[in-house]
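Each chain, written out:
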Amino acid sequence: MDLIYFDDIECPSRIRGASQSISRAEVEAFAKSWGDSALGIKRISSVNHDKIRATEAYLLALRNRLIHGLDRPPAIIASFGYDDVRFNTHAYANDTVTLILDVESKRLSASNPQRGIVITRQTLINQHNQIVLSMLDNLLVQKRQS
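The rules we used
- What you see as residue numbers is a count from 1 along each chain, following the sequence as written.
- The predicted origin of the model limits local features to residues at a pLDDT of at least 70 and limits the giving and counting of side-chain atom pairs to 80 or more, whereas totals for whole chains, interfaces and linings rest on all residues.
- To obtain the side-chain values, all non-hydrogen atoms of the structure were used and water was disregarded.
- Classification of residues uses two cut-offs on accessible area relative to the type maximum, computed with a 1.4 Å probe and protein chains only: under 20% is buried, over 50% is exposed, and between them is partly exposed.
- Put simply, DSSP marks the helices as runs of H or I at least four residues long and the strands as runs of E at least two long, and each gets a number from the N terminus on.
- Starting at the helix axis, one direction is taken to each C-beta atom, and the arc is that of these directions.
- When DSSP finds two or more bridges between a pair of strands, those strands are recorded as paired.
- A contact between two residues is defined here by any heavy atoms of the two lying within 4.5 Å.
- Residues belong to a common nonpolar core when they are buried Ala, Val, Leu, Ile, Met, Phe, Trp, Tyr or Cys residues joined through side-chain atoms within 4.5 Å.
- Between the first and last residue of a helix there are one fewer steps than residues, each counted as 1.5 Å, and that sum is the expected span.
- Note on aromatic contacts: the rings of Phe and Tyr and the six-membered ring of Trp form a pair at centre separations within 6.5 Å, being stacked when their planes are under 30 degrees apart, edge-to-face when over 60 apart, and tilted otherwise.
- Note on geometry: a ring has a charge over it if NZ (lysine) or CZ (arginine) is within 6 Å of the ring centre and within 35 degrees of the ring normal.
- Summary of the metric used: pLDDT quantifies the predictor's per-residue confidence within the range 0 to 100.
- Pairs of N or O atoms are called polar contacts if they sit within 3.5 Å, as long as, within protein, a hydrogen donor faces a hydrogen acceptor (for residues adjacent in sequence, only side-chain-to-side-chain pairs).

A. Inspection of helix α1 (residues 24–33) at higher detail. Those residues of α1 lying buried are V27, E28, F30 and A31. The buried residues of α1 occupy an angular sector of 160° when projected down its axis, which confines them to one face. Those residues of α1 that are exposed and aimed more than 90 degrees away from the buried face are A25, K32 and S33.

B. Representation of the pairing of strand β6 (residues 115–126). With 11 of 12 residues buried, β6 lies mostly within the body of the structure. Between the end of strand β5 (residues 96–108) and the start of β6, which pair antiparallel, lie 6 residues. By the bridge criterion, 11 bridges tie β6 to strand β7 (residues 131–142) in an arrangement that is antiparallel. Residue G116 lies in a different strand from β7, and its bridge partner there is V141. Here β6 hands over to β7 after 4 residues, with N129 in that stretch at a positive phi of 65°.

C. Here's a closer look at the environment of R16. For R16, the location among the structural elements is in strand β1 (residues 13–21). Note: C-alpha distance between R16 and I100 (84 residues apart in sequence) is 4.7 Å. In contact with R16, other than residues within four places in its own chain, are T98, L99, I100 and I125.

D. Inspection of the nonpolar core at higher detail. In terms of nonpolar packing, the biggest core is built from 28 residues, with I22, Y58, L59, V97, L124 and V141 touching the most fellow members. Elements supplying a minimum of two residues to this core: α1, α2 (56–68), β5, β6 and β7. Those residues in contact with I22 that lie beyond four places of it in its chain are V27, Y58, L59, L62, A91, Y92, A93, N94, D95 and V97.

E. Geometry of α2. A rise of 1.5 Å per residue sets the reference length of α2, with its 13 residues, at 18 Å; its end C-alpha atoms lie 19 Å apart and thus fit the reference within 8%. Of the residues making up α2, those classed as buried are Y58, L59, L62, R63, L66 and I67. The secondary structure elements touched by the buried residues of α2 are β1, α1, β4 (76–87), β5, β6 and β7.

F. Up close: the packing of aromatic side chains. All chains considered together, the criterion is met by 1 aromatic pair. Above the face of the Y92 ring, K51 is positioned so that its terminal group lies 4.7 Å from the ring centre. Over the face of the ring belonging to F6 we find K106, whose NZ or CZ atom lies 4.4 Å from the ring centre.

G. Spatial organisation of the pairing of β7. Judged by how many residues are buried, β7 sits mostly within the fold: 11 of 12 residues are covered. Here 8 bridges tie β4 to β7, and the two strands are oriented antiparallel to one another. From the neighbouring strand, G81 faces β7, where its bridge partner is N138.

H. Examining the confidence of the model for the protein more closely. On average, the protein scores 89 in pLDDT, and the residues at 70 or more come to 88%. Segment residues 44–48: pLDDT under 50, and 6 contacts once partners within four positions in sequence are set aside and those in other chains are kept.

I. Representation of the side chain of D137 in the model. In this structure, D137 sits in strand β7. Using a relative accessible area of 4% as the deciding quantity, one classes D137 as buried. Within polar-contact distance, the side chain of D137 engages the side chain of S79 at 2.5 Å. Engagement of the side chain of D137 in a polar contact is seen with the side chain of Q122, the distance being 3.4 Å. What D137 contacts, discounting residues up to four positions off in sequence, is R63, S79, G81, Y82, V118, I119, T120 and Q122.

Below, the structure written as structure tokens:
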């Protein structure tokens, strides 16, 4: 797999990731694997049908899957943590979400010259171009070996 190293990352830049449909079976299996009482399966009733809402934990896991599924994922060593996490609108079974990764800043690590810190805004948008999830991720990224 061809990785994007710290040296290759341009700031600012945008990577548009893959899209993925949210399956009802996966949302239900995810909730059940963590215990219905912990996450629950959120049902939203309407006149015409019963919608299954994806939980916030599922959306965070899906975002992670989409990042690591990029054609050229960043050479991430670790995440220092998330900031400004927002669940802007609900996502439901049968929705399709797309990952948008915006590089907001980057700097060399003060403690290790073979690493750098990259701040990315990671966004999931649905098929209606609505923001489902938005967050900052503080990433420790490997430099290319000389």
